[in-house]
Amino acid sequence: AQTVTQSQPEMSVQEAETVTLSCTYDTSESDYYLFWYKQPPSRQMILVIRQEAYKQQNATENRFSVNFQKAAKSFSLKISDSQLGDAAMYFCAYNGGNEKLTFGTGTRLTIIP
Amino acid sequence: DTEVTQTPKHLVMGMTNKKSLKCEQHMGHRAMYWYKQKAKKPPELMFVYSYEKLSINESVPSRFSPECPNSSLLNLHLHALQPEDSALYLCASSQKPGGIHQPQHFGDGTRLSIL
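All figures in this text were calculated on a predicted structure; none of them were measured in a lab.

Participant: Summarise the packing of aromatic side chains; cite the residues concerned and give the values.
Facilitator: As enumerated under the stated definition, the model contains 15 aromatic pairs over all chains in all. Through a chain of ring-to-ring contacts, three or more aromatic side chains come together here, namely A:Y33, A:F35, A:Y37, A:F91, A:F103, B:Y33, B:Y35 and B:F106. Cation over ring: A:K70 sits above A:Y54, and NZ or CZ is 4.7 Å from the ring centre.

Right, dumping it as C-alpha cells:
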C-alpha cells in the first residue's frame, strides 16, 4: 500500500522569506502523480502544484516549486517570498491510478509578519 | 469562487434525524468523491462515483448513503448518525475516473455537528 509521510506537523516562516515543507512517500508503482494541496481556515482544499513521476524537471507555479527526488521518494514544496495568505494546512498527496488520493498528515504553516 | 458547490455549509442534527448533503459541479467531470475530515487530520475517502456508478465504498457504515442522480450532482444521505460522525464532509470531482494526472477539485465542505 502507498503511504505518504509529512514529518513536520508545524512550520513557521517570516513574511517574504523562503520555507520548505517535506514529504516522503512509499510506492511500488512506476507511474504516478504527486500533489500539494493547501487548506486555509476557509476549509477548501486548493491545488498548489503537481508533479508527474516520469518528468525529471521539477514543477513550478509562480512562488511555489517542488524538489522531486524519485529515487529517494521525496517531494518537498518550496514557497518563496512567503505572504500572509500562504498561512494554511499543507497536504502532500499521491495518486497511483486506483481513483484514490493518499494524503499525508499535513503541515500547518504560520507566516510571521 | 469554488467550482464545486456544497450545501449546506453548516448542519446541526440530532441522532434520530434524516438529512442530506448536496454537491454540485458543472465542469463536466465524471468522477466524484466524498471525504470525511476530522479536525487537524487529512481527508479520509468515503465513496467514489465513476460515470455515475459507485466504484469505491471504503467500508462506510450504512447510516451514510451516497447517491449520484446525474453527472453533475452528488448527494450524501444521513440517518441515525452518531456523535463521532461530527466532522467536515468534503466533496471533490475530477475529469475522468482513473486519470492519475487529473487533480481533484474540492468544495468548501459541510461542517456537520451531531447532537
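Participant: Break down the sheet that holds strand β7 (residues 64-70) of chain B for me, with residues and values.
Facilitator: Residues and elements named next belong to chain B. Across the sheet, which stays open at both edges, the four strands sit in the order β1-β3-β8-β7 with antiparallel pairing between neighbours. This sheet does not close on itself; its edge strands, each paired only once, are β1 (4-7) and β7. Each strand axis lies, on average, 20° off the axis of its neighbour in the sheet, ignoring direction. Alignment of β1 against strand β3 (residues 18-25), held across four bridges, turns out to be antiparallel. Note on β3: the bridge partner recorded for V4 is Q25.

Participant: Can you break down the pairing of β7(B) residue by residue, with the values?
Facilitator: Residue and element names in this part refer to chain B. Examined bridge by bridge, β7 and strand β8 (residues 73-79) share five bridges and lie antiparallel to one another. Residue pairing in the sheet places F64 in a bridge with L78 of β8. Between β7 and β8, which pair antiparallel in sequence order, lie two residues.

Participant: With reference to specific residues and values, describe the pattern of salt bridges.
Facilitator: Tallied over the entire structure, the rule returns six salt bridges over all chains. For A:R63, the salt bridge is made with A:D86, and the minimal N-O distance between the two is 2.9 Å. Placement of A:R63 in the loop between β7 (60-61) and β8 (64-69) and of A:D86 in the loop between β9 (74-79) and β10 (88-95) is noted, with a sequence separation of 23 residues between them. Between B:D85 and B:R63 there is a salt bridge, with the nearest N and O atoms lying 2.7 Å from each other. Taken together, the residues span a long stretch of sequence, with B:D85 in the loop between β8 and β9 (87-94) and B:R63 in the loop between β6 (53-57) and β7 at a distance of 22 residues. On the basis of relative accessibility, which here comes to 22%, the residue B:R63 falls in the partly exposed class.

Participant: Account for the layout of surface pockets, with residues named and values stated.
Facilitator: The volume enclosed by the largest pocket comes to roughly 270 Å³. Residue lining of the largest pocket: 16 residues in total, with A:Q39, A:R108, B:Q37, B:A39 and B:K40 positioned closest to the centre. The set of elements that each furnish at least two residues to the lining of the largest pocket consists of β10 of chain A together with β9 of chain B. Here the residues of the lining of the largest pocket are counted per class, giving seven nonpolar, three polar and six charged.

Participant: How would you sum up the side chain of B:Q102? Please name residues and give values.
Facilitator: Along the chain, B:Q102 falls in the loop between β9 and β10 (105-106). Among all residues touching B:Q102, those that are not within four sequence positions of it are A:F35, A:R50, A:N95, B:S94, B:Q95 and B:K96.

Participant: Outline the interface of chain B and chain A, supporting the account with residue identities and numerical values.
Facilitator: Each partner contributes to the interface: chain B provides 32 residues, whereas chain A provides 25 residues. Approximately 2,100 Å² of surface area, both sides summed, lies buried where chain B meets chain A, with 55% of it carried by carbon and sulfur atoms. Here chain B and chain A share one salt bridge between them. Between A:K100 and B:E58 there is a salt bridge, and its shortest N-O distance comes to 3.0 Å. For the interface between chain B and chain A, the tally reads seven residue pairs in polar contact (both at pLDDT 80 or more). Within the residue set of the side of chain B that touches chain A, elements represented by two or more residues are β4 (31-37), β5 (44-50), β6, β9 and β11 (110-114) of chain B. Across the side of chain B that touches chain A, the residue classes tally to 13 nonpolar, 13 polar and six charged.

Participant: Please set out the pairing of β10(A) residue by residue, giving values where relevant.
Facilitator: Residues and elements named next belong to chain A. In terms of burial, β10 is a largely internal element, eight of the eight residues being buried. Summarising the sheet, strand β5 (residues 33-39) and β10 pair through seven bridges and their orientation is antiparallel. Along β10, the bridge assignment pairs Q39 with M89. Two strands pair when backbone bridges link them, and β10 and strand β12 (residues 107-112) are joined in this way by three bridges, in the antiparallel orientation.

Thresholds applied
- Residues numbered from 1 in each chain as written.
- Chains lettered and ligands numbered in written order.
- Predicted model: local features only at pLDDT ≥ 70, side-chain atom pairs only at ≥ 80, totals over all residues.
- Heavy atoms only, no water.
- Phe/Tyr/Trp six-rings, centres within 6.5 Å; stacked < 30°, edge-to-face > 60°.
- Lys NZ or Arg CZ within 6 Å of the ring centre and 35° of its normal.
- Pairing = 2+ DSSP bridges.
- Helix = DSSP H or I, 4+ residues; strand = E, 2+ residues; numbered from the N terminus.
- Axes fitted to C-alpha atoms, helices over the stretch in contact; angles between N-to-C directions.
- Salt bridge = Lys/Arg side-chain N within 4 Å of Asp/Glu carboxyl O.
- Buried < 20%, exposed > 50% of the residue type's maximum accessible area, 1.4 Å probe, protein only.
- 1 Å grid on protein atoms, 1.4 Å probe; cavity = no way out; pocket = protein on both sides within 12 Å on 5 of 7 lines; lining within 4 Å.
- Points joined across faces, edges and corners; volume = space filled by probe spheres on them.
- Nonpolar A, V, L, I, M, F, W, Y, C, P; charged D, E, K, R; others polar.
- Contact = heavy atoms within 4.5 Å.
- Buried area = accessible area lost by both parts, 1.4 Å probe.
- Polar contact = N/O pair within 3.5 Å; in protein donor to acceptor, adjacent residues only side chain to side chain.

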